[in-house]
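# Summary of the model geometry
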Amino acid sequence: GLELSHCMGANSLGPAVSWRSGGPCKMKRVRTVFKPEQLERLEQEFLKQQYMVGTERVDLAATLHLTETQVKVWFQNRRIKWRKQSMEQKAAKLSQFGVIQPATADSTDIKDHEEDTVDVEL
């Protein structure tokens, strides 16, 4: 399951407060902290293939003692980082030759791959 923490005010002894605007206090998911060995293996797998699905994802999650969702979301986030790095490298190469990229290229590229940012249980 997901680790959850109860939202609190600025001082941990204070009353519970809403961590989002409006409504009663909600439970907030604690960010997963990956071990260096897990990150190394995830990066190795990403170099082989940018999409991890089906039994491969289940097996990798079990091997790393992670949930399938944690592996899935890590791959989604890593693809976004990879695309951003690729766009930055292209921009750097173009700027060497004095070519100016249109300002909307970044936002269009990200919108084309928006499905990667959706976190839906399968």
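Rules used in this analysis
Residues numbered from 1 in each chain as written. Predicted model: local features only at pLDDT ≥ 70, side-chain atom pairs only at ≥ 80, totals over all residues. Heavy atoms only, no water. pLDDT = per-residue confidence, 0-100. Contact = heavy atoms within 4.5 Å. Buried < 20%, exposed > 50% of the residue type's maximum accessible area, 1.4 Å probe, protein only. Helix = DSSP H or I, 4+ residues; strand = E, 2+ residues; numbered from the N terminus. Arc of directions from axis to C-beta. Salt bridge = Lys/Arg side-chain N within 4 Å of Asp/Glu carboxyl O. Core = buried A, V, L, I, M, F, W, Y, C linked by side-chain atoms within 4.5 Å.

### Concerning the confidence of the model for the protein
- Residue-level pLDDT values for the protein average 76, and 61% of them are 70 or greater.
- Taken together, the stretch residues 9–14 has pLDDT below 50 and engages in 3 contacts with residues farther than four places along the chain or on a different chain.
- Under a pLDDT of 50 for its full length, residues 105–118 has, in the predicted model, 9 contacts with residues more than four places off or in other chains.

### Quick look at helix α2 (residues 54–64)
- For α2, the set of buried residues is R57, L60, A61 and L64. Projected down its long axis, α2 shows its buried positions confined to an angular sector of 100 degrees, all on one face. Along α2, the residues that are exposed and aim more than 90 degrees away from the buried face are T55 and A62.
- Where the residues of α2 are buried, they touch α1 (36–48) and α3 (68–96).
- Where α2 ends, the next residue or the one after it, H65, has phi of about 60 degrees, a positive value.

### Quick notes on the environment of M52
- With respect to the helices and strands, the residue M52 is situated in the loop between α1 and α2.
- The sequence separation of M52 and Q76 amounts to 24 residues, and the corresponding C-alpha distance is 9.5 Å.
- For M52, the contacting residues outside a window of four places in its chain are E45, R57, L60, V71 and F75.

### Describing the pattern of salt bridges
- Scanning all chains against the criterion turns up 4 salt bridges.
- K48 is the salt-bridge partner of E45, the closest N and O atoms lying 3.5 Å from each other. Taken as a pair, E45 and K48 lie in helix α1 at a separation of 3 residues, close to a single helical turn.
- Judged by its relative accessible area of 63%, K48 falls in the exposed class.
- Among the salt bridges present, the one from R57 reaches E68, with a minimum N-O distance of 3.2 Å. Within this pair, whereas R57 is found in helix α2, its partner E68 is found in helix α3, the two being separated by 11 residues in sequence.

### A word on the nonpolar core
- One finds F34, L42, F46, M52, L60, A61, L64, L66, V71, W74 and F75 forming the largest nonpolar core, which totals 11 residues.
- Among the secondary structure elements, those contributing two or more residues to this core are α1, α2 and α3.
- Excluding its chain neighbours within four sequence positions, the residues that come into contact with L42 are F34, L60, L64, L66, V71, W74 and F75.

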